[in-house]
Amino acid sequence: MEELCITTLTEKELEEAMPALVSLYQRAYAVLPEYGYHLPQRIEGYIRWLWRGDPKGFFVARLGERIAGFIGVHSRWWEDGELFGEVHEFVVDPDFQGRGIGSALFTHALEYLERSGRTKIGLWVGEKNDSAIQFYLRRGFQKSGQYGKWVRMVKEVTVSVSPRDSGEAPSFGRRKR
C-alpha cells in the first residue's frame, strides 16, 4: 500500500488541486446531499474560504498522487464570545474510508489546533450523519446543542503552551539596581 502523506497547500497548489478537491467533496456528500453544496462553483468558493481562513489549517491527505481526503480547520474561530479551534470541513474519499485515513487526518488537524493553544475544539455535524457523530464521540467530543439539522459538538483539551506559542507577551520581572 502507498504511504499516506498529509500536507498543507500553497495557494498555487490549491488551485492545481481544486478539480480533485471539488470532485472528492461531491462524491463524499453524495450519500448525505442535504448537508453539502451542489454547484461546483459554490464548492470551489467554499474550499477557497476554508483555505484563506487558515492556510496552515487546511490539510490534504494523499496516497501517492491521489487525494484521499482533506480537512479545513481554523485555529482562531470566535463563537459566542469564546475562542475555539473549529473544524469546518472534513472529507474522506468514499473509496478510501475504513482504512484509517480519516483518523490520521483528523488527529493531524486536532494536533495543529492544540499546538495553536486552543483549549476548546468545536464542529457542526449533520444530525443524520450517524457515522460521523460516532467518530467524533469516540474522539472525546460531546454534543452541546443543536440548530436545525446541525448538531454542535465540542471537545475540551488541556494544552500547555508557552506565551510565545499563544501569542501573548511574556511578563518579565524588573530588577532594581
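Figured I'd write up the structure that's included with this text. (Residues numbered from 1 in each chain as written. Predicted model: local features only at pLDDT ≥ 70, side-chain atom pairs only at ≥ 80, totals over all residues. Heavy atoms only, no water.)

### Comments concerning the pairing of strand β2 (residues 58–63)
Most of β2 is tucked away: 5 of the 6 residues are buried. Two strands pair when backbone bridges link them, and β2 and strand β3 (residues 66–79) are joined in this way by 6 bridges, in the antiparallel orientation. In the sheet register, F59 faces β3, and the bridge partner there is I71. A loop of 2 residues connects β2 with β3, the two strands running antiparallel in sequence, and G64 in this loop sits at a positive phi of about 65 degrees. (Buried < 20%, exposed > 50% of the residue type's maximum accessible area, 1.4 Å probe, protein only. Helix = DSSP H or I, 4+ residues; strand = E, 2+ residues; numbered from the N terminus. Pairing = 2+ DSSP bridges.)

### Topic: the packing of aromatic side chains
Counted by the stated rule, this structure contains 15 aromatic pairs. Geometrically, the ring pair formed by F90 and F106 is tilted, given 5.2 Å between the ring centres and 40 degrees between the ring planes. Remark: F106 occurs in helix α3 (residues 101–115) and F90 occurs in strand β4 (residues 82–92); sequence separation between them is 16 residues. The class for F106 is buried, based on a relative accessible area of 1%. Consider the rings of F106 and F135, whose centres lie 5.3 Å apart with planes at 80 degrees: the pair is edge-to-face. With F106 in helix α3 and F135 in helix α4 (residues 130–138), the pair connects residues that are 29 residues apart, well separated along the chain. For the pair F106 and F135, a shared accessibility class is recorded, and that class is buried. The aromatic ring of Y37 is capped on one face by R42, whose charged end is 4.0 Å from the ring centroid. The side chain of R139 reaches across the aromatic face of F135, ending 3.5 Å from its centre. (Phe/Tyr/Trp six-rings, centres within 6.5 Å; stacked < 30°, edge-to-face > 60°. Lys NZ or Arg CZ within 6 Å of the ring centre and 35° of its normal.)

### A closer look at the pattern of salt bridges
In total, this model carries 9 salt bridges according to the counting rule given. Residues E16 and K12 are paired through a salt bridge, measuring 3.6 Å at the closest nitrogen-oxygen approach. Of the two residues, E16 and K12 both sit in helix α1 (residues 11–28), 4 residues apart, roughly one turn of that helix. Residue E16 shares its accessibility class with K12, and that shared class is exposed. A salt bridge links R66 to D95; the nearest nitrogen and oxygen atoms lie 3.0 Å apart. Of this pair, R66 sits in strand β3 while D95 sits in the loop between β4 and α3, placing them 29 residues apart in sequence. Taking relative accessible area as the criterion, R66 reaches 37% and is therefore assigned partly exposed. Given a relative accessible area of 49%, D95 falls into the partly exposed group. Connected through shared salt-bridge partners, R27, R66, D93 and D95 make up one network. (Salt bridge = Lys/Arg side-chain N within 4 Å of Asp/Glu carboxyl O.)

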